[in-house]
Amino acid sequence: MENDQDAMECSSEEEEVDLQTALTGYQTKQRKLLEPVDHGKIEYERFRKKFYVEVPELAKMSQEEHGYEKPTPIQTQAIPGIMSGRDLIGIAKTGSGKTIAFLLPMFRHIMGQRSLEEGEGPVAVIMTPTRELALQITKECKKFSKTLGLRVVCVYGGTGISEQIAELKRGAEITVCTPGRVIDMLAANSGRVTNLRRLTYVVLDEADRMFDMGFEPQVMRIVDNVHPDRQTVMFSATFPRAMEALTSRILSKPIEVQVGGRSVVCSDVEQQVTVIEEEKKFLKLLELLGHYQESGSVIIFVDKQGHADGLLKDLMRASYPCMSLHGGIDQYDRDSIINDFKNGTCKLVATSVAARGLDVKHLILVVNYSCPNHYEDYVHRAGWTGRAGNKGYAYTFITEHQARYAGDIIKALELSGTAVPPDLEKLWSDFKDQQKTEGKIIKKSSWFSGKGFKFDETEQALANERKKLQKAALGLQDSDDEDAAVDIDEQTESMFNSKKRVKDMAAPGTSSVPAPTAGNAEKLQIDKRLALRINAQKNLGIESQVDVMQQAINAILRGGTFWLPLFLQKPLQNNLPKRSMPSSIMCL
């Protein structure tokens, strides 16, 4: 036993020595670094990695003519899904090639159907929210339609309808339209201009904006009249959750293709947000224009038509050639402005509703002169630049009075991986603290919510009663009015009394206040008349004439008299109707 114990002690000592030696050697051992390789000196063996065989029909659309080398990510994912006959929702950043993603399957869909006969409507319809976008898609579509022998018609409002009717009657396989005008065409001439009997391919481009602008009833009316087994495709740069309920009504078991983040600004756009005073915004704008005007086109967004025209005049005085684009401009002028802007001859001052999703080459700078009022609008504005892999810049001006919009701007910056400026964070935190102090709930300002203002029952009844009393006071009440038997004096008195009522609560153990006697009631009436007279003498401003008139009407309807200040007598007499006056009015 002793020998075995000695042997075990010796082996444990040897193991400790070996472990210590190994640890020391590992620590002192230096790692060998991998030396850089000069690939220019190495001759590699060639290998094959491109296994895609181009379809002959696509080969005819020569890349030499149109400049298409390879499909973009949204095209790679969306085209096979649409070609398999499925409904599809496509979400991708602006400038990623969404138009070609639904055009190429559309051409194949049309070529697979029988030819149009006389009196038949289109096979495919593309609906867009704006006229400019409809014209842009039509131009892109005609690049391929000539080769395939297909006819394209663009139908939109703001221009003469006779030419569009003539083109539709001649027949066209593809119709690019805005929802309102195409409904007019379908209803024109008892439906003999065009119809939807052959329509089997429907595209909704910029779908979120279309519903945001209030086109939902028109779109649903069109879709409900189309073949039930149609193929429907939706594309947009943003797709809020509120849209999903609508898509379930229009699409059948759709495939959702999402390239990049949902409703996220493109990573090629450098975003800058400046908290600035209203008076300093124009000087900051001039500074940006001086820095970027030589690099490419510039677009400036404002919130109202009047602001667009005012900023246009200021920029023209500063010797910057520019034009304004908004909904109040005639369609022919809008087309001319868009063409000039695409050619790079001028700067553009625009509102958000003027145009959406337009492809302008060499657009380097987007300036949100007026801060966007919801998240999706900010994403679309920033999407004007940074298209097709080019670098772009988006600057946003926000004032302290627009602090409620800072939350959406911070959300857009965070989702796109851009650092949030400290002054913007401070502006948002101060606004939240102020709202909490006032006991208000901070609501998200995303679009597609709210039902508008409505009267409740009490307010509606009060408004109706006020109208009736005004008619009665002016002698305009109808003889067959149902409420003619109601005592007008009592209604008038209750109308002009204060809405706040103070209830006298009797203290415990005490009796209630006794009812006023006849003498007290008479004194109360005298005090009221005296108070009315004093009030009329104090109200010497012109704006107080309305209150005096109400008091006069109240006194007249009671059968009493009312004394007006002398300077009010003449205007009141001029306003009275030219009819025989009661004796109570003559005393005025």
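Residues numbered from 1 in each chain as written. Predicted model: local features only at pLDDT ≥ 70, side-chain atom pairs only at ≥ 80, totals over all residues. Heavy atoms only, no water.

An unreviewed UniProt entry lists the protein chain under the name Probable ATP-dependent RNA helicase DDX46, with Macaca mulatta given as the organism. The record in UniProt for the protein chain states the following under Catalytic activity (unreviewed entry): "ATP + H2O = ADP + phosphate + H(+)". UniProt lists a comment for the protein chain under the heading Sequence similarities (unreviewed entry), and it reads "Belongs to the DEAD box helicase family. DDX46/PRP5 subfamily." (UniProt positions renumbered as here; feature names shortened; annotations may be inferred.)

On to the pattern of salt bridges, then. When charged atoms on two side chains of opposite charge get close, those side chains can pair. Applying the stated criterion to the full structure yields 12 salt bridges. For Arg334, the salt bridge goes to Glu132, with nearest N and O atoms at 2.9 Å. Of this pair, Arg334 sits in helix H14 (residues 331–342) while Glu132 sits in helix H6 (residues 131–148); the two residues are 202 residues apart in sequence, bridging distant segments of the chain. Grouping residues by exposure puts Arg334 and Glu132 together as buried. A salt bridge links Arg317 to Asp314; the nearest nitrogen and oxygen atoms lie 2.8 Å apart. You can see Arg317 and its partner Asp314 sitting in helix H13 (residues 305–317), three residues apart, about one turn around the helix. Judged by its relative accessible area of 31%, Asp314 is partly exposed. A cluster of three or more residues bridged by salt bridges with shared partners is formed by Arg114, Glu117, Glu120 and Arg198. (Salt bridge = Lys/Arg side-chain N within 4 Å of Asp/Glu carboxyl O. Helix = DSSP H or I, 4+ residues; strand = E, 2+ residues; numbered from the N terminus. Buried < 20%, exposed > 50% of the residue type's maximum accessible area, 1.4 Å probe, protein only.)

Close contact between helix H4 (residues 73–83) and helix H5 (residues 98–111) brings their axes to 9 Å; oriented N to C, the two are set at 25 degrees. One way to sum up the angle between H4 and H5 is to call them roughly parallel. Crossing geometry of H4 relative to H5 is assigned as right-handed. From H4, Ile74, Gln75, Ala78, Ile79, Ile82 and Met83 reach across to H5, where they touch Lys98, Ile100, Ala101, Phe102, Leu104, Pro105 and Arg108. (Axes fitted to C-alpha atoms, helices over the stretch in contact; angles between N-to-C directions. Parallel < 35°, antiparallel > 145°, perpendicular 65-115°, else oblique. Left-handed = near helix turned anticlockwise from the far one by under 90°. Contact = heavy atoms within 4.5 Å.)

As for its position among the elements, Gln231 is in strand E6 (residues 231–236). Of the residues examined, Gln231 reaches a relative accessible area of 7% and is grouped as buried. For the pair Gln231 and Val203, spaced 28 residues apart in sequence, the C-alpha separation works out to 8.6 Å. What Gln231 contacts, discounting residues up to four positions off in sequence, is Ile82, Gly85, Arg86, Asp87, His109, Thr200, Tyr201 and Val202. Only 2.8 Å separates the side chain of Gln231 from the backbone oxygen of Ile82, close enough to count as a polar contact. (Polar contact = N/O pair within 3.5 Å; in protein donor to acceptor, adjacent residues only side chain to side chain.)

Turning to the packing of aromatic side chains, a few remarks are in order. Inspection of the entire model under this criterion finds six aromatic pairs. Taken together through their ring pairs, the aromatic side chains of Tyr292, Tyr393 and Tyr395 make up a single cluster. Over the ring of Tyr369 we find Lys281; its NZ or CZ atom is 4.8 Å from the centre of that ring. Looking at Lys411, its charged tip hangs above the ring of Tyr375, at a distance of 4.5 Å from the centre. (Phe/Tyr/Trp six-rings, centres within 6.5 Å; stacked < 30°, edge-to-face > 60°. Lys NZ or Arg CZ within 6 Å of the ring centre and 35° of its normal.)

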